[in-house]
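Observations on chain architecture
Single-letter residue listing:
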Amino acid sequence: MSGASEWSVRNLGERRVLSPLGLSKIADDEIPDYVPDGMRVLHDVELSPGEIPDTSRSFEKAGPREYLFFDPKTTRAGIVTAGGLCPGINNVIRSLVLHLVYKYGVQHVTGFRYGFAGLDPASGFAPVPLGAEDVLHVHARGGTMLGTSRGSHDPGVMVETLAKSRIDCLFAIGGDGTMRAAHAISEEAIKRGMNLAVVGIPKTIDNDIPFVDKTFGFETAVSMAKIAIDAAHTEALSALHGIGLVRLMGRSAGFIAAHAALASHDVNVCLVPEVRFDVDGPHGLLAYLKRRLETRGHAVVVVAEGCGMRLAAKDGPRDASGNLRFASADLDIGTYLKERIEHYFAENAMPISLKYIDPSYMLRGVPANAIDAVFCDELARYAAHAAMAGKTDVMVGRWHRSFTHVPLPLALSAKKRIDPHKELWLAVTETTGQPRFVA
Ligand code: F6P
């Protein structure tokens, strides 16, 4: 992936309205600075021996612009939340509304209900006005005050709804499916010559959105996962040949499982979809568990739900967005491993005590923790700056600790997965001490 164009952000047009934020252009006056458009954040900070830095692979730096495309006095903003739940959605909604209303002076913010269904009149969900008072306390609660749903809707119909509501800036909070829909809306609006700013805010506990360090909600999900692992470890330690088996969400990427394993320090085996493993044979999981019980007396195994892919002969049940449903019985890697382990040790006449924990939706049906709460607020504020400046077809992100504008086509061009060759997987294998479970 190279070339400046796919890293360039779309602008609706010339910015002529002086920002009401009253920030500074001088470096040393103790007032935060505006961010000029030309500022970039390099994608690659590591260079292979002899490699020349490729500065074309860089993001536009996010932040408040001195001149805006939209006049806040007449600007109308809309917010939609789609996809699965994630801790912190309400924090983002709250910070968006408060920032738009109190800082920019925007007078109309609308919430669309139940995901993109709320932009399709056929669904019958009326939008709701969002004022400062409506969002004041929502950050204390998990979920989304607007409701969410999965599934796609006709971009033409959705843009028609936005045009009728005279929305200038649409904020789409969601995962990859939401970013795909946001991109389609933006394309449709451009085709119609509409000045609509579409700004995505990446949300998923799976942390599998590319070109961002992390998505909001991920940190909270990891801390919830650690609670489940701690319980599994306690149970395993307290029994003769105790095995604690924990299945964690993570559809295609094992980031939650990997980070929770690292956070707990007590995991002996971590299985993720990105790394092959055999269950049977001398190098397989079962033989390893036997050796582990013989030498150490207990074992804690964490498995990411996406490993259930290996159970799908060809295909499996899918949700409204077309994703495989790993919670369905025939793709459930957790219960599969539980049965295989119990059967194996029964056959080997070795008594075990296996405790299986699946915290499932408990990872995400909670309010954001402190780290995520800060991150949600930051993302929301940067999203508001981007939209008011007339950026569109873009997602706000964080890269190497700087906030960035990621063009949606770029975000949709790749997938983020654990790289078995890189530091994260090295850390997991060093912490767990697990071998490679393949011959
Ligand atoms: O994408 C986030 C996620 O929490 C996945 O980890 C999980 O597979 C999926 O959503 C389940 O979501 P739902 O049951 O709401 O479709």
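Everything below is about the structure shown above.
I will try to describe carefully the structure that is included in this document. (Residues numbered from 1 in each chain as written. Predicted model: local features only at pLDDT ≥ 70, side-chain atom pairs only at ≥ 80, totals over all residues. Heavy atoms only, no water.)

Observations concerning the overall build of the protein
Under the convention used in this document: Helix and strand definitions follow DSSP, with helices as H or I runs of at least four residues and strands as E runs of at least two, each counted in order from the N terminus. Atoms counted for the radius of gyration: C-alpha only. Globule rule: 2.2 Å times residue count to the power 0.38. Only protein chains enter the calculation, and the probe is 1.4 Å; a residue is then buried if its accessible area is under 20% of its type maximum, exposed if over 50%, and partly exposed in between. In this analysis, two residues are considered to be in contact whenever any of their non-hydrogen atoms come within 4.5 Å of each other. Here, Shrake-Rupley sampling with a 1.4 Å probe gives the accessible areas, and only protein chains in the shown set may cover a residue. When charges are counted, neither His nor the chain ends are considered; positive counts come from Lys and Arg and negative counts from Asp and Glu. Think of each charge as sitting on NZ of Lys, CZ of Arg, CG of Asp or CD of Glu.
Scanning the protein from N- to C-terminus turns up 11 helices and 17 strands. Taken over C-alpha atoms, the radius of gyration comes to 24 Å for the protein, in line with the 22 Å a tight globule of 439 residues would show. Burial analysis of the protein (439 residues in total) assigns 53% to the buried set. Once local pairs closer than 6 in sequence are excluded, the contacts in the protein between residues at least 24 apart make up 77%. When the accessible surface of the protein is split by element, carbon and sulfur atoms take 53% of a total near 18,700 Å². Across the protein, the 47 positively charged side chains and the 50 negatively charged ones have centroids separated by 2 Å.

Overview of the sheet that holds strand E7 (residues 108-112)
Let me state the cut-off plainly: Here the rule is simple: two strands pair whenever DSSP picks up at least two bridges between them. Lines fitted to the C-alpha atoms define the axes, with helices restricted to the stretch that makes contact. Angles between their N-to-C directions range from 0 to 180 degrees.
With mixed pairing, nine strands are arranged side by side in an open sheet as E3-E4-E17-E16-E10-E9-E6-E7-E8. The open sheet has two edge strands with one neighbour each: strand E3 (40-42) and strand E8 (128-129). Note: E3 against strand E4 (residues 58-61), three bridges, orientation antiparallel. Residue pairing across strands places Val-41 opposite Phe-59, the latter belonging to E4. Strands strand E9 (169-174), strand E10 (197-202) and strand E16 (394-399) of the sheet are contacted by helix H4 (residues 176-191), whose axis makes an angle of about 160° with E9.

Notes on the side chain of Arg-292
The following threshold applies: What makes a salt bridge here is a side-chain nitrogen of Lys or Arg within 4 Å of a carboxyl oxygen of Asp or Glu, nothing more.
Inspection of the secondary structure assignment puts Arg-292 in helix H7 (residues 285-296). Buried charged residue Arg-292 carries no salt bridge. Nearest counter-charge: Asp-266, at 8.4 Å. Not counting chain neighbours up to four residues away, the residues in contact with Arg-292 comprise Asn-268, Gly-297, His-298 and Ala-299.

Side note on the site of the ligand
Selection criterion: Throughout, near means a residue has at least one heavy atom within 4 Å of the molecule or strand. Polar contact is defined as a pair of N or O atoms within 3.5 Å, subject to the rule that within protein one atom must be able to donate a hydrogen and the other to accept it, and that residues adjacent in sequence are counted only when both atoms are side-chain atoms.
Every residue near the ligand is listed here: Arg-150, Thr-204, Ile-205, Asp-206, Met-249, Gly-250, Arg-251, Glu-305, Asp-319, Arg-325, Tyr-361 and Arg-364. One nitrogen or oxygen atom from the main chain of Gly-250 is found 3.3 Å from an oxygen atom belonging to the ligand. A distance of 2.4 Å is found between an oxygen atom of the ligand and a side-chain nitrogen or oxygen belonging to Tyr-361. For the ligand, whose unbound accessible area comes to 400 Å², protein coverage reaches 86%.

As for the packing of helix H3 (residues 155-164) against H4
The axes of two packed helices give the description: the angle between them and the distance between them. What counts here: Oblique is the label for any angle not under 35 degrees, not over 145, and not in the 65 to 115 range, which are roughly parallel, roughly antiparallel and roughly perpendicular in turn. If you view the pair so one helix is near and one far, a crossing is left-handed when the near helix is turned anticlockwise from the far one by less than a right angle, and right-handed when it is turned clockwise. Classification used: nonpolar for Ala, Val, Leu, Ile, Met, Phe, Trp, Tyr, Cys and Pro, charged for Asp, Glu, Lys and Arg, polar for all others including Gly.
Where H3 meets H4, the closest approach of the two axes is 9 Å, and the angle between their N-to-C directions is 70°. Between H3 and H4, the angle falls in the class roughly perpendicular. Judged by the sense of rotation from one axis to the other, the crossing of H3 with H4 is right-handed. Facing Pro-155, Gly-156, Met-158, Val-159 and Leu-162 of H3, the residues of H4 in contact are Ala-184, Ile-185, Glu-188 and Ala-189. By residue class, the composition of the contact of H3 with H4 is seven nonpolar, one polar and one charged.

Here's the deal with the pairing of strand E11 (residues 242-248)
Among the seven residues in E11, seven count as buried, and that is most of the element. Burial along E11 is two-sided: the face carrying Gly-242, Gly-244, Val-246 and Leu-248 and the face carrying Ile-243, Leu-245 and Arg-247 are both buried. Summarising the sheet, E11 and strand E13 (residues 298-304) pair through seven bridges and their orientation is parallel. Among the inter-strand pairings, Leu-248 is bridged to a residue of E13, identified as Ala-304. The pairing of E11 with strand E14 (residues 353-357) spans five bridges and is parallel. Looking across to E14, one finds that Leu-245 is bridged to Tyr-356.

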